Amino acid sequence: MRIQSWSKLLKRKPLAGIVVVFVIISAIVTVFRLSSRTRDEIIYSSSSQMRSTSPVELSWPLPLSQSKESIAIDTSFKRAPVGEEQIKKLKMIYPLLDTNGDSYVSIDELRNWIISKVKEHLQGALRENIFLFTAIDMNPRNGHVSWLEYHTWFLKKNGNNNTKTGDHDEMHPELERSIKEKIAWDKAAWSEAAKTDPDFLNLDEFLSFRHPESSHTTLLSKADELLGEYDKDADETLTWEEYSLIPSESLLVRYSENKRQEEFNNFIDRNRDGKLDKREILSYLDPRNPRHAHLEAVSLIQISDTNKDQQLSMKEILASADIFLASKVIDTETNFHDEF
């Protein structure tokens with residue numbers, strides 16, 4: 001009876017049919033929105049996290065180098081094992097480095113390649129973070145990853161599928177030494193990243209744990225630590241005298257003693273007021289800062305350029321294969337993790 005009355009109504013008033021269709025579509029859209037709410041929240045959290053890793057706009061008002069700049073060779077380069085596969089890899093990458101096709105790699109070409117690899121790594125780290133966090137946060141799925149959840153995932157990833165959750169020897173006598181060392185490293189990094197709860201990490205803390213170089217929180221923490229330790233007059237800035245006290249292994253120091261003041265004046269103190277505020281410190285700490293890629297490119301060329309023509313042939317790169325394989329040119333991720 002009700003269906004017949006609707007039919008009569010639709011015949012008399014076509015507009016009513018349009019209203020009915022609109023109501024049905026609205027209901028379907030509402031159901032879809034409710035069903036995808038959790039997924040959207042995760043995506044929003046990920047995009048917010050991506051924005052949060054940009055502490056400053058890296059518009060670079062100063063040149064990346066100076067015409068008379070002399071950069072001391074960095075003799076502390078890490079070196080990687082070299083075999084046939086590694087040589088083959090370098091030969092494949094060489095044409096990509098040589099963007100103008102003149103059979104040589106210049107400082108600019110090498111710097112631009114490193115910049116692109118850094119960007120690729122940081123973006124990949126953000127994508128991996130959200131998916132890995134979601135995959136591990138299973139027992140229960142509560143928006144936090146516990147050490148037990150992560151540790152169980154880590155053991156399975158490394159081939160130990162027989163471990164029962166919460167019921168195994170924490171000393172892991174059956175594991176190789178390298179895996180045990182990685183577990184110890186993970187525990188230390190977990191303790192540093194877990195700001196809100198020592199046993200759990202939220203999404204941003206998990207990023208600081210897995211990829212500290214991609215985390216705004218990590219950069220802010222390092223800037224605050226530097227100010228807290230070396231800002232002697234507590235004015236929230238570092239003068240040259242205060243900056244000069246920072247050890248050479250710090251991320252804020254990229255030069256030996258005789259070049260530090262030049263770097264301070266020309267490339268860290270962006271507004272040239274003789275002191276570093278937190279924004280300037282964050283800008284220099286940020287791995288996306290192109291100055292770092294420039295310094296690495298210059299150092300790689302200086303140490304590999306045997307004929308001193310300020311560019312590299314394939315022969316020169318292959319002769320320094322162990323250095324290039326361990327640099328950000330090839331192994332960007334390991335470099336960052338060692339730095340941070």
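Residues numbered from 1 in each chain as written. Predicted model: local features only at pLDDT ≥ 70, side-chain atom pairs only at ≥ 80, totals over all residues. Heavy atoms only, no water.

Quick word on the overall build of the protein
And step 1. The helix and strand inventory of the protein stands at 16 helices and 6 strands.
And step 2. Here the protein holds 340 residues, and 42% of them are scored as buried.
And step 3. For the protein, long-range pairs separated by at least 24 residues make up 64% of all intrachain contacts whose partners lie at least 6 apart in sequence.
And step 4. Only carbon and sulfur atoms are counted for the fraction: they give 56% of the accessible area of the protein, which is about 19700 Å². (Helix = DSSP H or I, 4+ residues; strand = E, 2+ residues; numbered from the N terminus. Buried < 20%, exposed > 50% of the residue type's maximum accessible area, 1.4 Å probe, protein only. Contact = heavy atoms within 4.5 Å. Areas by Shrake-Rupley, 256 points an atom, 1.4 Å probe, with all protein chains shown as cover.)

Looking at the nonpolar core
And step 1. In terms of nonpolar packing, the biggest core is built from 25 residues, with L97, L110, I114, I317, F324 and V329 touching the most fellow members.
And step 2. Sequence-distant contacts of F324, defined by excluding residues within four places in its chain, comprise L90, L110, L300, S304, L312, I317, V329 and I330. (Core = buried A, V, L, I, M, F, W, Y, C linked by side-chain atoms within 4.5 Å.)

Observations regarding the pattern of salt bridges
And step 1. Tallying each qualifying case throughout the model produces 11 salt bridges.
And step 2. Between D186 and K182 there is a salt bridge, with its nearest N and O atoms 2.7 Å apart. Taken together, the positions of D186 and K182, both in helix α7 (residues 177–193) and 4 residues apart, correspond to about one turn of that helix.
And step 3. D186 sits in the buried class, given a relative accessible area of 1%. (Salt bridge = Lys/Arg side-chain N within 4 Å of Asp/Glu carboxyl O.)

Section: the packing of aromatic side chains
And step 1. Scanning the model with the defined rule gives 13 aromatic pairs in all.
And step 2. For the pair Y243 and F264, a centre-to-centre distance of 5.2 Å together with 45° between the ring planes defines the contact as tilted. Highlighted residues: Y243 in helix α10 (residues 240–243) and F264 in helix α11 (residues 257–268), separated in sequence by 21 residues.
And step 3. For F264, a relative accessible area of 0% puts it in the buried group.
And step 4. One aromatic cluster is present, formed by F133, W147, Y150, W153, F154, W190, F206 and F209 through successive ring pairs.
And step 5. Positioned above the aromatic ring of Y243, the side-chain terminus of R260 is 5.2 Å from the ring centre.
And step 6. It is R291 that lies over the ring of F267; its NZ or CZ is 3.5 Å from the centre. (Phe/Tyr/Trp six-rings, centres within 6.5 Å; stacked < 30°, edge-to-face > 60°. Lys NZ or Arg CZ within 6 Å of the ring centre and 35° of its normal.)

Thoughts on the confidence of the model for the protein
And step 1. Overall, the prediction assigns the protein a mean pLDDT of 80, with 72% of residues at 70 or greater.
And step 2. Segment residues 29–62 is flagged for pLDDT under 50; beyond a separation of four residues in sequence, or across chains, it makes 50 contacts in the model. (pLDDT = per-residue confidence, 0-100.)

Let's talk about the side chain of D269
And step 1. Of note, D269 is situated in the loop between α11 and β5 (275–276).
And step 2. With no salt bridge to any partner, buried D269 finds its closest opposite charge in R272, at an N-O distance of 6.1 Å.
And step 3. Only 2.7 Å separates the side chain of D269 from the backbone nitrogen of G274, close enough to count as a polar contact.
And step 4. What D269 contacts, discounting residues up to four positions off in sequence, is F264, G274, K275, L276 and E280. (Lys, Arg positive; Asp, Glu negative; His and termini not counted. Polar contact = N/O pair within 3.5 Å; in protein donor to acceptor, adjacent residues only side chain to side chain.)

Details of the packing of helix α4 (residues 84–97) against helix α5 (residues 107–136)
Pairs of packed helices are described in terms of their axes, by the angle between the two and the distance that separates them.
And step 1. Viewed as axis vectors pointing N to C, α4 and α5 meet at an angle of 110°, and their least axial separation amounts to 10 Å. The orientation of α4 relative to α5 falls into the category roughly perpendicular. Packed against α4, whose contacting residues are I93, L96 and L97, the element α5 presents E109, L110 and W113 at the interface.
And step 2. Here the residues of the contact of α4 with α5 sort into 5 nonpolar, no polar and 1 charged. (Axes fitted to C-alpha atoms, helices over the stretch in contact; angles between N-to-C directions. Parallel < 35°, antiparallel > 145°, perpendicular 65-115°, else oblique. Nonpolar A, V, L, I, M, F, W, Y, C, P; charged D, E, K, R; others polar.)

Topic: unusual backbone geometry
And step 1. Cis geometry is adopted by the peptide bond preceding P140, which originates at N139 and carries an omega value of -5°.
And step 2. Despite not being glycine, S103 has its phi angle at roughly 70°, a positive value.
And step 3. Secondary-structure assignment places S103 in the loop between α4 and β1 (105–106).
And step 4. Assessed through its relative accessible area of 47%, S103 is described here as partly exposed.

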